[in-house]
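Summary of the model geometry
The residues making up each chain are set out below.
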Amino acid sequence: MIEILNSTLLARAKDTGALVADILQTLRARSAVGTNLLDIDRWTKEMILEAGAQSCYVDYAPSFGRGPFGHYVCTAVNDAVLHGLPHDYKLADGDLLTLDLAVSRGGVAADSAISFIVGEARPAQSVALIEVTERALAAGIAAAGPGARIGDLSHAIGTVLGEAGYKINTEFGGHGIGSTMHQDPHVANTGRPGRGYTLRPGLLLALEPWVMEDTAQLVTDADGWTLRSVTGCRTAHSEHTIAITDDGAEILTLPTQA
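Since the structure is predicted, the reported quantities are computational estimates derived from the model, not experimental observations. (Residues numbered from 1 in each chain as written. Predicted model: local features only at pLDDT ≥ 70, side-chain atom pairs only at ≥ 80, totals over all residues. Heavy atoms only, no water.)

To continue, consider the sheet that holds strand β14 (residues 248–251). With respect to topology, five strands assemble into an open sheet ordered β7-β6-β8-β13-β14, the strand pairing being antiparallel. Each having just a single partner strand, β7 (183–187) and β14 make up the two edges of the open sheet. Averaged over all pairs of adjacent strands, the angle between their axes in this sheet comes to 30°, without regard to strand direction. Pairing of strand β13 (residues 240–245) with β14, which is carried by four bridges, proceeds in the antiparallel orientation. Its bridge partner lying in β14, Ile244 is registered against Ala249. Each of β7 and β8 (204–207) touches helix α4 (residues 150–163); the most contacted strand, β7, lies at about 40° to it. (Pairing = 2+ DSSP bridges. Helix = DSSP H or I, 4+ residues; strand = E, 2+ residues; numbered from the N terminus. Axes fitted to C-alpha atoms, helices over the stretch in contact; angles between N-to-C directions. Contact = heavy atoms within 4.5 Å.)

Packing of helix α1 (residues 7–30) against helix α2 (residues 37–50) leaves a shortest axis separation of 11 Å and a crossing angle of 145°. Where α1 crosses over α2, the handedness of that crossing is right-handed. For the pair α1 and α2, the contacting residues are Ile23, Thr26, Leu27 and Arg30 in the first and Ile40, Trp43, Thr44, Met47 and Ile48 in the second. Counted by class, the contact of α1 with α2 contains six nonpolar, two polar and one charged residues. (Left-handed = near helix turned anticlockwise from the far one by under 90°. Nonpolar A, V, L, I, M, F, W, Y, C, P; charged D, E, K, R; others polar.)

Our focus in this paragraph is the packing of aromatic side chains. When we look at a pair of aromatic rings, we describe it by the centre distance and by the angle of the planes. According to the stated counting rule, one finds six aromatic pairs in the structure shown. Relative to Trp225, the ring of Tyr60 lies with its centre 6.2 Å away and its plane at 35°, an arrangement referred to as tilted. On the criterion of sequence distance, the pair formed by Tyr60 in the loop between β1 (54–55) and β2 (74–77) and Trp225 in the loop between β10 (218–220) and β11 (227–229) is long-range, its members being 165 residues apart. Between the aromatic rings of Phe64 and Phe172, the centroid separation amounts to 5.4 Å while the plane-to-plane angle is 80°, which identifies the pairing as edge-to-face. Here Phe64 is found in the loop between β1 and β2, whereas its partner Phe172 is found in the loop between α4 and β6 (174–176), with 108 residues between them in sequence. (Phe/Tyr/Trp six-rings, centres within 6.5 Å; stacked < 30°, edge-to-face > 60°.)

Our focus in this paragraph is the packing of helix α3 (residues 124–142) against α4. Where α3 contacts α4, the two axes come as close as 8 Å, and the packing angle between them is 155°. The orientation of α3 relative to α4 falls into the category roughly antiparallel. Crossing of α3 against α4: the hand is right-handed. Between α3 and α4, the contacting residues are Val132, Arg135, Ala136, Ala139 and Gly140 on the first element and Leu153, Ala156, Ile157, Val160 and Leu161 on the second. Split into classes, the residues belonging to the contact of α3 with α4 amount to eight nonpolar, one polar and one charged. (Parallel < 35°, antiparallel > 145°, perpendicular 65-115°, else oblique.)

Core analysis: the biggest nonpolar cluster contains 24 residues, and Leu27, Ile40, Leu97, Leu99 and Leu101 have the highest contact counts within it. Those elements giving two or more residues to this core turn out to be α1, α2, β4 (96–105) and β5 (108–117). Not counting chain neighbours up to four residues away, the residues in contact with Ile40 comprise Leu27, Ser31, Thr35, Val73, Thr75, Leu91, Leu97 and Leu99. Among the nonpolar cores identified, the runner-up in size contains 16 residues, and Ala13, Ala102, Leu204 and Ala243 belong to it. (Core = buried A, V, L, I, M, F, W, Y, C linked by side-chain atoms within 4.5 Å. Buried < 20%, exposed > 50% of the residue type's maximum accessible area, 1.4 Å probe, protein only.)

Here is the structure:
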């Protein structure tokens, strides 16, 4: 299903997107050496409920996971990259943490992910991983607008990742979003320009480039959810929800305060 939102729903989408972004920024500020992933999940639940919103994750039970997910935020550390199931783990100095959050409010969902390094250490390879996903995300957004094709966005993302020397996995990528978290069209993190669905004003997309240092292969953790690099290398993931407008694309998941 592909949804095209009217002006009323687009206004709600902006509201939801700001909520997601603000929660992620609060979680980032609270995530320090010694912070337990289960505390991050608890804080997320508290903020979602306080905002009168609903989690898109807690009851989520897709075919690729051992559902329902049962938690409120994905917490992926170091070699984990997607669908990180919160568990009893205390963050260490230099850990690369990805937080991925999807929330619904007013009948419209928004989805975003951030990767950052915990503590004072700044491993150069981890910094490079984060930066390339952010640059690829910016390139995908810049390619979006009315009349563009999904392949144009995929090509823009993949060009940045590929030129930086990273292998690209196409099993998981971006997606449409609206009244539900995951919708068509699928937005792969590499592709051919001029191909695929033509973007229209009112369409929401969640773009999410992610990479692993030295592989494109994933392995599913024993928890049935967390996806890790098969080699144990580090990973990073950046995501925004955008709305296609009459003259381009608007990022909905920006925090209300810098």
